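# Residue-level structure breakdown
If you want the building blocks of each chain, they are given just below.
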Amino acid sequence: MRRVSILGATGSIGQSTIDLIARDPEVYDVVALTGAQNISQLIKDAKALRAEVAVTSDPSRLDELRDGLAGTGIEAAAGDAALIEAAARPADWVMSAIVGAAGLAPGLEALKHGTTLALANKESLVTAGTLLMSEAKRLGATVLPVDSEHSAVFQALIGEDISAVERIIITASGGAFRDRPLDALDRVTVAEASNHPNWDMGQRITIDSSSMFNKAMELIETKEFFGIDANKIETIVHPESLIHALVGFNDGALMAHVGPPDMRHAIGYALNWPDRKHVPVERLDLAAIGQLNFRAPEAARYPALAIAQKVMEEGGLTGAVFNAAKEQALDGFLAGDCRFTDMARVVNGVVDVMLSREGLQNATITLDSVNQADSMARALACEEIAKIE
Ligand code: NDP
Ligand code: MG
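Heads up: these notes are all about the structure in this document.

### Some points on the overall build of the chain
Helix and strand content of the chain: 16 helices and 11 strands. Relative to the compact-globule value of 21 Å for 389 residues, the chain shows a C-alpha radius of gyration of 20 Å, a close match. Along the first, second and third principal axes, the C-alpha atoms of the chain reach 60 × 50 × 40 Å. Per-residue burial over the chain gives 55% buried out of 389 residues. Residue pairs at least 24 apart in sequence account for 68% of intrachain contacts in the chain once pairs closer than 6 positions are excluded. Of the roughly 16400 Å² of accessible surface on the chain, a fraction of 50% belongs to carbon and sulfur atoms.

### Some points on the coordination of the magnesium ion (ligand 2)
Around the magnesium ion (ligand 2), the protein contributes the donor atoms D147 (OD), E149 (OE) and E218 (OE), which lie 2.1 Å from the metal centre. Taken in chain order, the donor set of the magnesium ion (ligand 2) reads D-x1-E-x68-E. One end of the pair, E149, is in helix α7 (residues 148-156); the other, E218, is in helix α10 (residues 213-226), and 69 residues separate them in sequence. Owing to a relative accessible area of 7%, E149 belongs among the buried residues under this scheme.

### Some points on the packing of aromatic side chains
Inspection of every chain in the model, using the stated rule, returns six aromatic pairs. For the pair F213 and F322, a centre-to-centre distance of 5.8 Å together with 45 degrees between the ring planes defines the contact as tilted. Of this pair, F213 sits in helix α10 while F322 is found in helix α14 (residues 318-334), placing the two residues 109 residues apart along the sequence. This pair shows no difference in class: F213 is buried, exactly as F322 is. Between the aromatic rings of F333 and F340, the centroid separation amounts to 5.7 Å while the plane-to-plane angle is 65 degrees, which identifies the pairing as edge-to-face. The buried category is assigned to F333, whose relative accessible area is 5%. Grouped by ring-pair contacts, the aromatic residues F154, F225, F226 and Y269 constitute a single cluster.

### Focus: the site of ligand 1
Close to ligand 1 lie 25 residues, the nearest being T10, S12, Q37, N38 and E123. In this structure, an oxygen atom belonging to ligand 1 sits 2.8 Å away from a main-chain N or O atom of S12. In this structure, an oxygen atom belonging to ligand 1 sits 3.1 Å away from a main-chain N or O atom of G202. For ligand 1, the accessible surface in isolation is 900 Å², of which the surrounding protein chains cover 84%. Mapped by element, the contributors of at least two residues to the shell around ligand 1 are α1 (12-21) and α6 (122-139). Looking at the shell around ligand 1 residue by residue, the class counts come to 12 nonpolar, 10 polar and three charged.

Definitions and cut-offs
- Throughout this description, residue numbers start from 1 for each chain and increase along the sequence as written.
- For this description, chains carry letters from A and ligands carry numbers from 1, given in the order in which they are written.
- Only residues with pLDDT of at least 70 are given local features in this predicted model, and only at 80 or more are side-chain atom pairs given and counted; all residues enter the totals for whole chains, interfaces and linings.
- By convention in this description, side-chain values take in all heavy atoms of the structure and omit both hydrogens and water.
- Helix and strand assignments come from DSSP, with helices taken as H or I runs of at least 4 residues and strands as E runs of at least 2, each series counted from the N terminus.
- Restricting the calculation to C-alpha atoms gives the radius of gyration, and the globule rule supplies 2.2 Å times the number of residues raised to the power 0.38.
- We call a residue buried when its accessible area falls under 20% of the maximum for its residue type, exposed when it is over 50%, and partly exposed in between, using a 1.4 Å probe and counting protein chains only.
- Any pair of residues with heavy atoms lying within 4.5 Å of one another is described as a contacting pair.
- The Shrake-Rupley method, run with a 1.4 Å probe, gives the accessible areas here. Residue values count only the displayed protein chains as cover.
- For Na, K and Ca the donor cutoff is 3.2 Å, while for all other metals N, O and S atoms count as donors only within 2.8 Å; water does not appear among the atoms, so some sites may look incomplete.
- Pairing of aromatic side chains requires ring centres within 6.5 Å, counting the rings of Phe and Tyr and the six-membered ring of Trp. Pairs whose planes differ by under 30 degrees are stacked, by over 60 edge-to-face, and all others tilted.
- Whether a residue is near a molecule or strand depends on its heavy atoms: if one lies within 4 Å, it is near.
- For this analysis, a polar contact is any N or O atom pair within 3.5 Å, provided that within protein one partner can donate a hydrogen and the other can accept it, and provided that sequence-adjacent residues contribute only side-chain to side-chain pairs.
- Polar here means any residue outside two lists: the nonpolar Ala, Val, Leu, Ile, Met, Phe, Trp, Tyr, Cys and Pro, and the charged Asp, Glu, Lys and Arg; Gly therefore counts as polar.

Here it is as structure tokens:
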């Protein structure tokens, strides 16, 4: 039996992971499942998969979770310390799919028992990439990318030497507003921004796709995971979302990874790695698809991409600042406190202010320094948002 845990089990990635694991009950022994607010789903899955422990990050929901699991023998727990404790339980494979910076500490904890960490939580790499990757190396743990673009790059690099890579091209759908007139972008609503043309994902990452903050995160993730220079990482708008990434080699070859826009592919790849096993995703009918399109990303439409370049060049804690400001700006947009187009202005402003203070670029990245930079950036972002009319 393979012992597996799913951090963020009730979310979009978590549920796709459960879909794959539940098909093979003889193969997987479920250790921990975690969620936050969706207690009924957490109870249902913990019972169906006979998990050892179910954890909600919200202590005020513990009684509900405990009541739902009464008599099953499944432990119920709540709060940040319980999340860490759940992540620390020995498992062969751990899915890191909590949304936001909250996913970093549990993921780091899971590395301590030398597990294979399937990393969907992109914030871990953006805020603390060097810490996560060096800890994995030090502890003999394996980190596998689950973000579809990085899974694609990882697969294109099998058997290749990274020194032969000239460029990595990350594709972007262009999001909900790729064809919206530029002067209409400051009036788009949360409902419109929450509608992805191709992928079915959690609300926060979907809005980040509309603004291309998601792609900005992915460029930084690419640099951190593959250890490649920022100037070798490119973005191309590819409206069909069928090519997930391309790797360009020094002989001019481009290796593209093509697949349906279904996260179960990347999750299944990480689950079965280093083998390939059957994954129940759609098989593409290329003749029916007919053509694939590409266009350069417009700088004015997607200011997040230029901010990502700055973050990659500056390094250090700039990623933690960027992510925190982005999370706060997104909260502001969701709450109706700022417009869609204000998000990039707020994030850019916070990054610049924090960069003007000494030491951000050269700071040592630890969980504490990341949390500190995160809090300062959130406070600054709140101030910026409060100034918006
Ligand atoms: P969802 O919002 O669908 O799910 C997030 C999960 O995290 C849920 O289980 C949620 O619990 C839990 N959660 C929320 N807040 C907290 C918190 N403060 N502490 C602990 N747990 C919390 O997100 P997605 O599944 O879409 O995304 C998960 C991660 O994977 C993100 O980092 C995202 O960027 C990344 N990713 C997602 C992709 C996708 O296709 N969805 C693709 C590539 C990467 P509950 O629902 O019970 O409240
Ligand atoms: Mg992605």
